[in-house]
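Letter by letter, the chains look like this.
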Amino acid sequence: MAPLTPWPDLAALIMKLAPWHALATGANFMIDARSRGSGMGVVAAGVVETGRLVLLPLKVEHAREMAVVLGDPALHAFIGGEPVDAAALRARYERLVAGSPDPDVSWCNWVIRLRDEGCLVGTVQATVTGPAHDRVAEIAWVVGTPWQGRGIAGEAARGLVAWLGRQEVRTVVAHIHPEHRASAAVATAAGLTPTDVVHEGEIMWTGPAGG
């Protein structure tokens, strides 16, 4: 692979796709806490089912259980931020559920439910932009430490990418720290490949939606 170098022309796309890891960090999808969107973006999250998992559209009520799922500081080694308590996570989820202040941007957020165990184990997210014939989705995922190593993130990401294809999304994008081998494996399983583009120290991966 060629040396990794920043790509200045990506700036506009990155600003559109900003919310890609805030469910698990303090970044809050770069949301201005003073603004609340209408929630009427171009795509609305729906239930996604895979062999072992059900991806449920995010609700504020998920905050209590998810605060425990995301409570391990080790989850933030690559994505930054730190664990927050249920009250802070509830406030964050209220902003996310309210939707993007930009009507041309959709924030689609899910919690991952492990069907057999009946518990929440992580999150997946997609920020969707662009016209219906050429939509782009920035995706991200996080699985709680007790459930890692079981292929859950890969299965959830594949299910998400397939669902996005049914929403007329053409291109899927993810940003992954170059040392985060587990996330690289998930991206590969979801059909993404690394590019030479680096944004804020993370490699941009891309692939087609639809799986």
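Rules and cut-offs
- Residues numbered from 1 in each chain as written.
- Predicted model: local features only at pLDDT ≥ 70, side-chain atom pairs only at ≥ 80, totals over all residues.
- Heavy atoms only, no water.
- Phe/Tyr/Trp six-rings, centres within 6.5 Å; stacked < 30°, edge-to-face > 60°.
- Helix = DSSP H or I, 4+ residues; strand = E, 2+ residues; numbered from the N terminus.
- Buried < 20%, exposed > 50% of the residue type's maximum accessible area, 1.4 Å probe, protein only.
- pLDDT = per-residue confidence, 0-100.
- Contact = heavy atoms within 4.5 Å.
- Salt bridge = Lys/Arg side-chain N within 4 Å of Asp/Glu carboxyl O.

*Asks:* Got a minute to help me understand the packing of aromatic side chains in this structure?
*Replies:* The geometry of an aromatic ring pair is captured by the separation of the ring centres together with the interplanar angle, meaning the angle of the planes. In this structure the tally under the stated criterion is 1 aromatic pair. A centroid spacing of 5.1 Å and a plane angle of 80° characterise the contact between Trp110 and Trp163, whose relative ring orientation is edge-to-face. In this pair, Trp110 sits in strand 3 (residues 105-114) while Trp163 sits in helix 4 (residues 152-166), placing the two residues 53 residues apart along the sequence. Grouping residues by exposure puts Trp110 and Trp163 together as buried.

*Asks:* What should I look at first to understand unusual backbone geometry in this one?
*Replies:* Most peptide bonds take the trans form, and the phi angle of most residues other than glycine is negative. Even without being glycine, Glu168 reaches a positive phi, approximately 65°. In this fold, Glu168 is placed in the loop between helix 4 and strand 6 (169-176). Its identity is not glycine, yet Glu200 carries a phi of approximately 50°, on the positive side. Note on placement: Glu200 falls in the loop between strand 7 (193-199) and strand 8 (202-208).

*Asks:* Before we go on, may I ask you to explain the confidence of the model for the protein chain in this structure?
*Replies:* Note: predicted coordinates in regions of low pLDDT should not be interpreted at a detailed level. Of all residues in the protein chain, 80% have pLDDT values of 70 or greater, and the mean over the chain is 83. Confidence scores differ between elements of the protein chain, with helix 1 (residues 11-16) showing the lowest mean pLDDT of 38 and strand 2 (residues 53-57) the highest of 98. With pLDDT under 50 throughout, residues 1-41 is counted as low confidence; its partners more than four residues away or in other chains account for 100 contacts.

*Asks:* Even after reading the chapter, I still don't get the pattern of salt bridges, so can you show me in this structure?
*Replies:* If charged atoms from side chains of opposite charge come close, those side chains can pair. For the coordinates displayed, the defined rule picks out 5 salt bridges. Between Arg90 and Glu94 there is a salt bridge; the shortest N-O distance is 3.8 Å. Of the two residues, Arg90 and Glu94 both sit in helix 3 (residues 86-98), 4 residues apart, roughly one turn of that helix. A relative accessible area of 38% means that Arg90 is categorised as partly exposed. Of the residues examined, Glu94 reaches a relative accessible area of 33% and is grouped as partly exposed. Where Asp134 meets Arg170, a salt bridge forms, and the shortest distance between an N and an O atom there is 3.7 Å. Of this pair, Asp134 sits in the loop between strand 4 (119-129) and strand 5 (135-143) while Arg170 is found in strand 6, placing the two residues 36 residues apart along the sequence. A relative accessible area of 32% places Asp134 in the partly exposed class.

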